[in-house]
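Commentary on secondary and tertiary structure
If you want the building blocks of each chain, they are given just below.
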Amino acid sequence: LTRGQDWVDKKIPYSQTKTYDGYRTDCSGFDNDVVLAKPGLTTSTMHTASHNITKDQLQSGDALLCEG
């Protein structure tokens, strides 16, 4: 969460073409900076680094992925 807050504090703008510290500054780039390694996955490939949990297992900071 600290790494994510860094983006907020620095007001990193959303962009599908720009980067910050080696990560795309779009939503999946933000997620990758917070939880994954560079260069990161895209929204359509992020499922390869995830696993299913129940609603009761959700914790603060978890990312939700929806099929399709």
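These lines cover the structure that appears in this document, whether it is placed above or below. (Residues numbered from 1 in each chain as written. Predicted model: local features only at pLDDT ≥ 70, side-chain atom pairs only at ≥ 80, totals over all residues. Heavy atoms only, no water.)

Throughout the structure, instances matching the rule amount to one aromatic pair. Taken together, a centroid distance of 5.7 Å and an interplanar angle of 90 degrees make the contact between W7 and Y20 edge-to-face. Linking W7 in helix α1 (residues 2–9) with Y20 in strand β1 (residues 19–20), this pair joins segments that are 13 residues apart in sequence. (Phe/Tyr/Trp six-rings, centres within 6.5 Å; stacked < 30°, edge-to-face > 60°. Helix = DSSP H or I, 4+ residues; strand = E, 2+ residues; numbered from the N terminus.)

So, on to the side chain of T25. By the element assignment, T25 lies in the loop between β2 (23–24) and α2 (27–35). Assessed through its relative accessible area of 5%, T25 is described here as buried. A polar atom in the side chain of T25 sits 3.3 Å from the backbone oxygen of P13. When near neighbours in sequence (up to four residues on either side) are disregarded, T25 contacts W7, I12, P13, Y14, S15, K18, T19 and Y20. (Buried < 20%, exposed > 50% of the residue type's maximum accessible area, 1.4 Å probe, protein only. Polar contact = N/O pair within 3.5 Å; in protein donor to acceptor, adjacent residues only side chain to side chain. Contact = heavy atoms within 4.5 Å.)

What follows is about the environment of L64. By the secondary structure assignment, L64 is in the segment after α2. When the C-alpha positions of L64 and S50 are compared, they lie 9.5 Å apart, and in sequence the two are 14 residues distant.

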